[in-house]
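A closer look at the structure
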Amino acid sequence: MNKIHFWEFPRKEIYILINKKTRKLLIENSLINTNSNNYYEFSLIINEKSKKYGLKTKFNGGDIKRWLIGRYKDTRTGKIHPKFIPIWVVLELSKFSKLRLKELEKRIISYRSGGNGKIINNPKLPIKVTPEFDSVVIHLFADGYVNNKINTPSYCQRNEEDRTLFITKLKNIFGNFEGGLVENKVFRFPKSITFILSYYYKISSYKTKESTIPKQISNKSKNYKLACILAFILDEGNIRDCICCFNTNKVLLSQIRSLFQDCGYECNPLRYGSNRYWFSMKNRSINKLHEDIIKIQSSYPTCSLGSKYEKFYRLAMMRRSGR
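Now for a quick tour of the structure. For every chain, the first residue of its written sequence is number 1, and the numbers climb from 1 along that sequence. Under the rules for a predicted model, residues below a pLDDT of 70 receive no local features and side-chain atom pairs below 80 are neither given nor counted, while totals for whole chains, interfaces and linings still include all residues. Only hydrogens and water are set aside when side-chain values are computed; all heavy atoms of the structure are taken into account.

**Focus on the packing of aromatic side chains**
Spelled out, the test is: For this analysis, a ring pair means two rings from Phe, Tyr or Trp (six-membered ring only for Trp) whose centres lie within 6.5 Å, classed as stacked if their planes differ by under 30 degrees, edge-to-face if by over 60, and tilted for the remaining angles. Categorising residues by exposure relies on relative accessible area from a 1.4 Å probe, with only protein chains included: less than 20% of the type maximum marks a residue as buried, more than 50% marks it as exposed, and the intermediate range marks it as partly exposed. Each helix is a run of DSSP H or I of at least 4 residues and each strand a run of E of at least 2, with the numbering of both proceeding from the N terminus. Charge-over-ring placement is defined geometrically: NZ (Lys) or CZ (Arg) within 6 Å of the ring centre, and within 35 degrees of the ring normal.
Throughout the structure, instances matching the rule amount to 21 aromatic pairs. Here F260 and Y265 contribute two aromatic rings whose centre-to-centre distance is 6.4 Å and whose plane-to-plane angle is 75°, an arrangement assigned as edge-to-face. Neither residue differs from the other here; F260 and Y265 are each classed as buried. Ring geometry for Y309 against Y313: centres 6.0 Å apart, planes inclined by 35°, an arrangement best described as tilted. One end of the pair is Y309 and the other is Y313, both in helix 13 (residues 309-320) and 4 residues apart, which spans about a single turn. By relative accessible area, which is 28% here, Y309 ends up partly exposed. Members of the aromatic cluster, connected to one another through ring pairs, are Y155, F166, F177, F187 and F189. Above the plane of the ring of F84 lies R112, whose end atom (NZ or CZ) is 4.7 Å from the centre. Of note, K171 hangs over the ring of F177, and the distance from its end group to the ring centre comes to 5.4 Å.

Here is the structure:
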């Protein structure tokens, strides 16, 4: 199982908050080891280092002090807010202070995108790249909305049971966070999550007609592919007398069909009708899929068909009885 350490996050987009004792070590040791007489002198060194990351920052002594304290007061509202540090700055501080990154990782309290994105508290670090992790990518291709440059990402799912499955996956992977539900169907979650997914898998677009499954996922073992299949059926599938999957993106749907075949499930050819592409799984593979679902759920309970499982179960029982 691969893992993603915090220093492998997008360095300019993610900001972290480290515990008080470690913040003090980071900054005070950095001042000593760079022969800085005060926070202002040290801020000039940090600004110079920003050029390595394609930035031209203008931090000052006040910024360094707020990083040390870990909070700041909003002059407009009078409210106290936590002060997060950009990951690229933490990487530079670790070099100056000679603190190991793996030790720093254990002391991260929370992280967010930018200076005011939704916060992930008690983060699970390093992040484990499990079948749940990969299935989230497929959910976002199917029923997600992601624009990392502008909006907060979201997942549209009217069914509460299925929406809860998605939210639980995110928390299992990343940690605790506050999300927002709009119109009882659209769930908004921290942008740092999609920044990390996009950076790790080099995903350029989540748009319906542009998204494609990363090659790394296509080359993984069966459980990863099965988790992706179940996510797609849940969002874009139909279960009646057979299992059908639909999408307007021919390339994406062809890739999903290949995942079915890689897992040993026979499929009918891709077809086009009613302004979308679709394919069905052959019913002689139903029992095999049912057995595989039971197996994967013993390790990853969220990798399921959710509200659609009852229809699937009836179909599987019909096949078992020979009908």
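**Thoughts on the packing of helix 1 (residues 20-33) against helix 3 (residues 61-69)**
Cut-off, in case you're wondering: Orientation is described by lines fitted to C-alpha atoms, with helices fitted over the stretch in contact, and by angles between N-to-C directions that extend from 0 to 180 degrees. In this analysis, two residues are considered to be in contact whenever any of their non-hydrogen atoms come within 4.5 Å of each other. Throughout, the ten residues Ala, Val, Leu, Ile, Met, Phe, Trp, Tyr, Cys and Pro are labelled nonpolar, Asp, Glu, Lys and Arg are labelled charged, and all others, Gly among them, are labelled polar.
Between helix 1 and helix 3, whose axes approach to 8 Å, the crossing angle comes to 150°. Across from R23, K24 and I27 in helix 1, the residues of helix 3 making contact are I64, W67, L68 and I69. For the contact of helix 1 with helix 3, the class distribution of residues is 5 nonpolar, no polar and 2 charged.

**Structural notes on the packing of helix 10 (residues 222-236) against helix 12 (residues 286-297)**
Going by this rule: Orientation is classified from the angle alone, with under 35 degrees giving roughly parallel, over 145 giving roughly antiparallel, 65 to 115 giving roughly perpendicular, and any other angle giving oblique.
Where helix 10 meets helix 12, the axes come as close as 11 Å, and the angle between the chain directions of the two elements is 105°. As summarised for this structure, helix 10 and helix 12 are arranged roughly perpendicular, according to the angle between their axes. Between helix 10, through K222, N223, L226, A227 and L230, and helix 12, the contact on the second element is made entirely by K288, L289, D292, I293 and I296. Residues that form the contact of helix 10 with helix 12 fall into these classes: 6 nonpolar, 1 polar and 3 charged.

**Quick word on the side chain of S135**
Using the following cut-off: We call two N or O atoms a polar contact when they sit within 3.5 Å, provided that within protein one can donate a hydrogen and the other can accept it, with sequence-adjacent residues counted only if both atoms are side-chain atoms.
When you line up the elements, S135 lands in helix 6 (residues 131-143). Note on S135: relative accessible area 0%, which makes it buried. Here K169 takes part through its side chain, which lies 3.0 Å from a polar atom of the side chain of S135. Excluding residues that lie within four positions of it along the chain, S135 makes contacts with K169, A227, C228 and A231.

**Quick word on the nonpolar core**
As a reminder of what qualifies: Definition of nonpolar core: a set of buried residues of the types Ala, Val, Leu, Ile, Met, Phe, Trp, Tyr and Cys, connected through side-chain atoms within 4.5 Å.
Core analysis: the biggest nonpolar cluster contains 87 residues, and F6, F174 and F260 have the highest contact counts within it. The greatest single-element share of this core, amounting to 8 residues, is contributed by helix 10. Once residues lying within four places of it in the same chain are set aside, the contact partners of F260 are I229, I233, C245, Y265, C267, F279 and M281.

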